[in-house]
Amino acid sequence: MKVLFVCTGNACRSPLADALLKKYRPDLDVDSAGTYSYHKVVDLTRRYAEQEGATEFLKKVPDSLSSKKLPEYDLIVAMETEHEDAILRQSPVCKDKVEVWHINDPYQFPFKQACNEFDKIKSKVAHLAKSL
């Protein structure tokens, strides 16, 4: 089973979801990407991953969606509708593989507020880990 998480810069939401699912389900092939790749995974994400004991699973450098062979994935999770749109522009054949989670971008949030969005990701990833 191959799972891809997609957000904007692959700096906050998708790398966190990627790291958490790798922690919960090391048997799965999990990755993440952004509609473009930011220059680093941001400190908010690193801090939350550390709290969750998932730092070792957190990617070092963000990836872009254009670097991924989307038809190879069994499930592609988009954090927002705009990410789903980008996925389908790149690979319309993936329509039935995309799920949208509607998670706000915490990039500019203070850590406590960002944790609200990260907690939503954690909950959804935990549910996904049990259902796969």
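Heads up: these notes are all about the structure in this document. (Residues numbered from 1 in each chain as written. Predicted model: local features only at pLDDT ≥ 70, side-chain atom pairs only at ≥ 80, totals over all residues. Heavy atoms only, no water.)

**A few points about the nonpolar core**
The test is simple: By convention a nonpolar core is built from buried Ala, Val, Leu, Ile, Met, Phe, Trp, Tyr and Cys residues, the set being connected through side-chain atoms within 4.5 Å. Note on classification: 1.4 Å probe, protein chains only; a residue is buried when its accessible area is under 20% of the maximum for its type, exposed when over 50%, partly exposed between these limits. Secondary structure elements are defined from DSSP: runs of H or I of at least 4 residues count as helices, runs of E of at least 2 residues count as strands, and each element is numbered from the N terminus.
Judged by nonpolar contacts, the single largest core of 33 residues is most densely connected at Phe5, Leu21, Met79, Trp101, Phe118, Ile121 and Val125. Examining the composition of this core, we find that 8 residues originate from one element, helix α4 (residues 111-131), more than from any other. Ranked by size, the runner-up nonpolar core spans 12 residues in total, among them Leu65, Ala78, Ala86 and Ile87.

**Considerations on unusual backbone geometry**
The residue Asn10 is not glycine, and still its phi comes out positive at about 55 degrees. Along the chain, the position of Asn10 falls in the loop between β1 (2-7) and α1 (13-24). The phi torsion at His102 lies on the positive side, around 55 degrees, for a residue other than glycine. With respect to the helices, strands and loops of the structure, His102 is situated in the loop between β4 (98-100) and α4.

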